[in-house]
Structure formats: C-alpha cells, structure tokens
Amino acid sequence: MEFSEGAANYIIITPVKDEERYIACTLESVIGQTVRPLRWVLVDDGSSDTTSEIIQTYMRNCAWISYIRIERNAQRMLGSAEIRAFSLGYESVCHLDHEYVVKLDADLLLPSDYFEQILRRFRSNPRLGIASGLYLEKKKESWIPVTLPQYHAAGASKIVRVACFRAIGGFPLLPGWDTVDEIKSWTRGWETTHFSEIQFHHLKAEGSAMGVLRMSFFHGEIYYVSGGSALFFFGKLLHRTITGRPLLLAGAMLFCGYLYAVLSRRPKLVNLHEEAYYKRLLNRRIAEQLTSRLSFRS
C-alpha cells in the first residue's frame with residue numbers, strides 16, 4: 001500500500017492536563033508525521049499551566065488541529081477522567097469519514113513515520129483491530145523498552161480500527177478501559193498487538209501523576225474488574241512484592257487494591273464469556289512460561 005501525500009484516514013484524540021513540559025514535543029511529533037491525521041482533537045481537562053497557550057500557538061498554522069477545554073475545579077480523577085475526555089473529543093469528530101481512531105497521550109516523542117508504519121500493518125491484516133508501537137522510558141541515562149505481552153497495545157498510543165471500535169462499543173469510560181477493550185476485541189474475532197520494531201519515547205514515566213504506591217493499588221483494582229484469573233494474580237502479586245518499588249510495599253498495595261475491589265463489589269467491565277476467555281489466556285501464559293523455563297533448564 002502506498003500513501004499519497006496528505007493522505008488522512010485516521011483521527012487522533014489527545015486528553016491533556018498540565019503538560020506544558022512535554023506538549024510541544026508531542027505537537028511537533030504529530031505535525032511532522034509523513035501521513036498526517038484527518039483531524040487531531042486535544043481535550044484539555046482543566047489545565048492550570050501554559051498548556052492551553054502552547055496548543056493554540058500551534059493551531060494557528062494547522063487547521064486540522066482543534067481544541068476543547070473542560071472547565072473543572074475539582075482535582076482530576078485519575079484513571080477515568082482521561083478516557084472521558086477522550087470520549088468527549090471523539091464525539092466532536094466521529095461524524096467524519098475515517099478508518100482509524102487514535103488515543104494519544106500528550107507526553108510522547110514519535111518517529112516521523114510512526115503512523116504510516118502502523119497503518120501499513122493494519123492494511124495488510126484485515127483482522128487487526130487494535131495496535132501500537134512499543135514505548136521506551138528513561139531509566140537513569142538510558143531509554144529502555146517497556147516489556148508488554150505481545151497481545152497488548154500501549155494505552156499511551158492506541159490505534160483502533162473503527163469497525164473494531166464500534167464492535168466493542170467504544171472504550172469503557174472507567175479505569176481498566178485499556179485492558180477491557182482488548183478482551184472485548186478478542187471475543188469478537190479481532191486481533192490486538194504491539195510492534196516492537198516501531199518504537200516511541202514516553203517522556204513521563206507511567207504512574208508519575210499517581211505515585212508508585214497508588215499505582216500498585218490501582219493495578220489491583222483494574223485486575224479485578226477486568227476478570228483476570230486467580231492463579232495469574234498470585235504470580236503477579238509475588239513478582240510485584242519481590243521486584244516492585246518500594247520493596248514489599250508495592251505488592252501489598254497491589255493486593256489491597258484487589259481486595260478493595262472485591263469487598264466493595266465493584267462491577268466487572270466484562271461479561272462471563274469475556275471473563276472466561278481472559279482467564280484462559282492468562283493461564284496459558286503461565287503454562288507457556290513454565291514450559292519455556294523447563295525446556296531451558298533441560
């Protein structure tokens with residue numbers, strides 16, 4: 001497939017809040033794409049810094065960029081406000097003729113052909129529903145690829161085929177949306193993945209807005225509402241306890257988050273069929289890892 005100059009069959013939605021340090025980098029990255037989007041909507045969830053002014057400076061020369069501001073006095077609800085801002089932005093442009101919708105964070109540095117490369121892969125695989133590149137995060141002085149299961153697309157740059165997006169009913173407007181969207185896609189015959197050879201930089205470490213302990217608690221909640229298996233959670237808990245930071249506390253907070261979701265009877269974001277599918281997938285991952293280690297030792 002060859003893209004003609006100016007070809008645009010995708011829409012980007014970027015929720016943003018207080019990103020004056022990084023937003024210009026993301027703006028430059030998208031403006032410099034070899035295949036630019038049909039429309040890019042930045043939804044400002046009540047920034048109190050100069051984020052708004054920076055965005056509007058770039059908008060003067062880019063008619064395809066639009067800006068929506070949400071006025072709110074309360075502190076942003078981490079985990080759900082972001083995806084609700086996405087939904088508001090998408091509603092403003094969903095009537096446009098497009099094949100793909102992108103949820104893009106405001107703290108990324110993308111290679112100039114990022115979207116061109118991924119869209120080529122979508123075109124070559126009609127069953128591909130959700131995809132991303134692989135992101136790098138800075139550890140001391142080095143940029144390190146973040147390990148993801150092959151089936152998982154990074155929430156920071158999630159590209160979704162519109163047919164798949166509609167089939168799953170869009171993103172759930174609750175924490176856990178970027179796991180549940182993939183579970184729902186699988187049970188409807190779609191594939192999801194990330195491409196390790198297409199890399200981008202995540203300029204702000206994941207969870208920096210929450211703090212590491214709150215993030216672990218949050219991950220425990222998410223695991224429950226997405227219907228993960230008990231066996232896999234035990235392994236996840238053990239790993240977080242031993243390798244997480246702070247040592248031991250990270251695992252304790254993960255468990256507390258899960259237990260809180262159970263005791264408060266948080267409604268799950270998946271139905272019984274989707275939950276069973278996800279549990280089987282996670283249990284297969286355990287079996288494959290065990291088999292791989294046993295084969296290596298032998």
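Residues numbered from 1 in each chain as written. Predicted model: local features only at pLDDT ≥ 70, side-chain atom pairs only at ≥ 80, totals over all residues. Heavy atoms only, no water.

Chemist: So what's going on with the overall build of the protein? Which residues, and what values?
Modeler: Along the protein, the regular secondary structure elements total ten helices and nine strands. Its C-alpha atoms give the protein a radius of gyration of 19 Å, within 12% of the compact-globule value 19 Å for 298 residues. Projected onto its principal axes, the C-alpha positions of the protein cover 55 × 45 × 40 Å. Within the protein, the proportion of its 298 residues that are buried is 51%. For the protein, the proportion of contacts with a sequence separation of at least 24, taken over those separated by at least 6, is 79%. (Helix = DSSP H or I, 4+ residues; strand = E, 2+ residues; numbered from the N terminus. Rg over C-alpha atoms; globule rule 2.2 N^0.38 Å. Buried < 20%, exposed > 50% of the residue type's maximum accessible area, 1.4 Å probe, protein only. Contact = heavy atoms within 4.5 Å.)

Chemist: Summarise a nonpolar patch on the surface; cite the residues concerned and give the values.
Modeler: Taken together, the side chains of F255, L259, V262 and L263 define a hydrophobic patch exposed on the protein surface, amounting to about 350 Å² of accessible area. Here L263 is to be found in helix α9 (residues 249-263). Judged by its relative accessible area of 64%, L263 falls in the exposed class. (Patch = residues over 30% accessible without salt bridge, like charges linked within 9 Å, V, L, I, M, F, W, Y side chains within 5 Å. Areas by Shrake-Rupley, 256 points an atom, 1.4 Å probe, with all protein chains shown as cover. Salt bridge = Lys/Arg side-chain N within 4 Å of Asp/Glu carboxyl O.)

Chemist: Please provide a residue-by-residue account of the environment of E71, values included.
Modeler: Inspection of the secondary structure puts E71 in the loop between β3 (65-69) and α3 (81-91). Expressed as a C-alpha distance, the spacing of E71 and S47, which sit 24 residues apart in the sequence, is 8.6 Å. A polar side-chain atom of E71 sits 2.8 Å from a polar atom in the side chain of R69. (Polar contact = N/O pair within 3.5 Å; in protein donor to acceptor, adjacent residues only side chain to side chain.)

Chemist: Go over unusual backbone geometry, please, and point to the residues and values.
Modeler: R245 connects to P246 through a cis peptide bond whose omega is 0°. Assignment of secondary structure puts P246 in the loop between α8 (230-243) and α9. One non-glycine residue, K140, lies in the positive phi region at around 60°. Here K140 is to be found in the loop between β6 (128-139) and β7 (142-145).

Chemist: Tell me what's going on with the pattern of salt bridges, and back it up with residues and numbers.
Modeler: Where charged atoms of side chains with opposite charge meet at close range, the side chains can pair. Within the structure shown, the criterion is met by 17 salt bridges. Between R120 and E116 there is a salt bridge whose closest N-O contact spans 2.6 Å. With R120 and E116 both in helix α4 (residues 114-124) and four residues apart, the pair spans about one turn of that helix. Between E221 and R266 there is a salt bridge whose closest N-O contact spans 2.7 Å. Of this pair, E221 sits in helix α7 (residues 212-225) while R266 sits in the loop between α9 and α10 (272-297), and the two are 45 residues apart along the sequence. In the salt-bridge network here, residues are joined through shared partners; they are D44, R69 and E71.

Chemist: Describe α3, naming the residues involved and giving the relevant values.
Modeler: Looking only at α3, the buried set comprises A81, I83, A85, F86, S87, G89 and Y90. Among the structural elements, β1 (10-16), β2 (39-44), β3, β4 (100-104), α5 (162-167) and α6 (177-186) are those in contact with the buried residues of α3.

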